[in-house]
Structures are given as C-alpha cells and as structure tokens.
Amino acid sequence: DRGELRIDRCSAAPVPTALICTHCQRTYPLEDGIPDLRVLSGDATEVEAKRHEIAVRDAEAYHLYDAIVGAYRTRLEKQVIFRSLDSLPGKLVLDLGCGTGRITQSLVQAQARVLGVDYSVGSLREALVKVGGWNRGLGVLAADATNAPLRDASFDVVVSSQVLEHIPSATLRRDFLATIS
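The rules we used
Residues numbered from 1 in each chain as written. Predicted model: local features only at pLDDT ≥ 70, side-chain atom pairs only at ≥ 80, totals over all residues. Heavy atoms only, no water. Pairing = 2+ DSSP bridges. Helix = DSSP H or I, 4+ residues; strand = E, 2+ residues; numbered from the N terminus. Axes fitted to C-alpha atoms, helices over the stretch in contact; angles between N-to-C directions. Contact = heavy atoms within 4.5 Å. Phe/Tyr/Trp six-rings, centres within 6.5 Å; stacked < 30°, edge-to-face > 60°. Lys NZ or Arg CZ within 6 Å of the ring centre and 35° of its normal. Buried < 20%, exposed > 50% of the residue type's maximum accessible area, 1.4 Å probe, protein only. Right-handed = clockwise from strand over helix to strand, strands pointing away.

## Topic: the sheet that holds strand S4 (residues 34–35)
Logical step 1: Taken in spatial order, the four strands make up an open sheet running S1-S2-S3-S4, and their pairing is antiparallel. One side of each edge strand has no neighbouring strand; the edge strands of this open sheet are strand S1 (5–7) and S4.

In structure tokens, the structure reads:
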C-alpha cells in the first residue's frame, strides 16, 4: 500500500529483524540487514516462475552469474549505460534488477547514491561485497522489479540491465517498463 516503513524496535533481538508498514501494519523481514519487500505480482504461473528463479538464484546462480555474463559483455553494457547518463555525483540512482551489482559497482564509483533492487537476496549480498559493504553509497532492497514498492519520481536516474529476460510474461514486462517510465 506504499505506506511508510519503520524499524521494528519491539523485537527482543539485539539488531532489528523487521520493518513494519505504518499504514497496514504488515511486517517485512530484514535478512542480514536487507529489507525483504518481495510481494510477487502476476498470475499463479508467473508467481511460481518468479519463486523458482529466486530459489535458483539464492541457492547457487548468484555465485556464477558474473562469469556467465562475462567481463567483455559487462564492459560493453557499462559503456552503453554511462554514455547515456549525465554527471552522477550526488544523484539518487535506482538500479532495478541490480543482480550481483555488475553495473551497480560502477554507479557507486561514479559517486551516485544507489538503491539496488533485486528479488535475489543472495545476489544483493554479492552486490554489497562488490561495493565494499554498507555506507558506501549503496542501499539494497529485495523486491519484485515488476511491482517495486517505490514512490513515483523518487529517483534522478533509473538503470536496468539484463532484466527483461528474467520476467516471465509479456504482461509483467509491460508492468516493469511502466515502473521505470
């Protein structure tokens, strides 16, 4: 419902383990400090396809993804993306479907403040490692890119690379494109 989120301070745990929506009171877990706002959208077949991809990614694929894509292809993607961007220092950038942070790392190095969104927590952990951890200009959020719980016009720039092929239907691909437009 896009309500404000607050940290659950009522927990007996020494560090916060959840966020709570101030509007509907829904609780969202924090896994290793990564907010998990994955509310998967689509019909039953689409949601099952997303669950399968999340399971595969979190189990093993995030370890292999960079090698599969390759350094050459990543370098080409970065060239195309950065050629189309203005100066980034201080800008708030949404990297929607950031995966393991192949592009995210360069955005942070360009002094942008970046929110990396992906539905694989394993991939988000890898992105944090690449950037050097929290407090380096990167925040991460586990969410469905086709239904990201973000306010409209919240970002100066939206970047997305190698995402469409992971979205299981034409309808959801349209939803994804509508999210970033």
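## Looking at the sheet that holds strand S5 (residues 92–96)
Logical step 1: Reading across the sheet, the four strands line up as S7-S6-S5-S8 and stay open at both edges, with parallel pairing between neighbours. Every other strand in the sheet has two partners, leaving strand S7 (138–142) and strand S8 (157–159) as the edge strands with one partner each. With direction set aside, neighbouring strand axes in the sheet form an average angle of 20 degrees.
Logical step 2: Its contacts with the sheet place helix H4 (residues 121–131) against strand S6 (113–118) and S7, and it is angled at close to 175 degrees to S7.

## What to know about the packing of aromatic side chains
Logical step 1: Scanning the entire structure with this criterion turns up zero aromatic pairs.
Logical step 2: Across the ring face of tyrosine 65, the terminal group of arginine 57 is positioned such that the distance to the ring centre comes to 5.0 Å.

## Comments concerning the pairing of S6
Logical step 1: With five of its six residues buried, S6 lies for the most part within the structure.
Logical step 2: The sheet contact formed by S5 and S6 spans five bridges and is parallel. Opposite leucine 94, over in S6, you have leucine 115 as the bridge partner.
Logical step 3: With respect to chirality, the unit in which S5 leads through helix H3 (residues 104–109) into the neighbouring parallel S6 is right-handed.
Logical step 4: Here five bridges tie S6 to S7, and the two strands are oriented parallel to one another. Residue pairing across strands places valine 114 opposite leucine 138, the latter belonging to S7.
Logical step 5: Handedness of the crossover is the feature at issue here: the chain leaves S6, passes through H4, returns alongside S7, and the resulting connection is right-handed.

Note that all results are geometric; they support no functional claim without further evidence.
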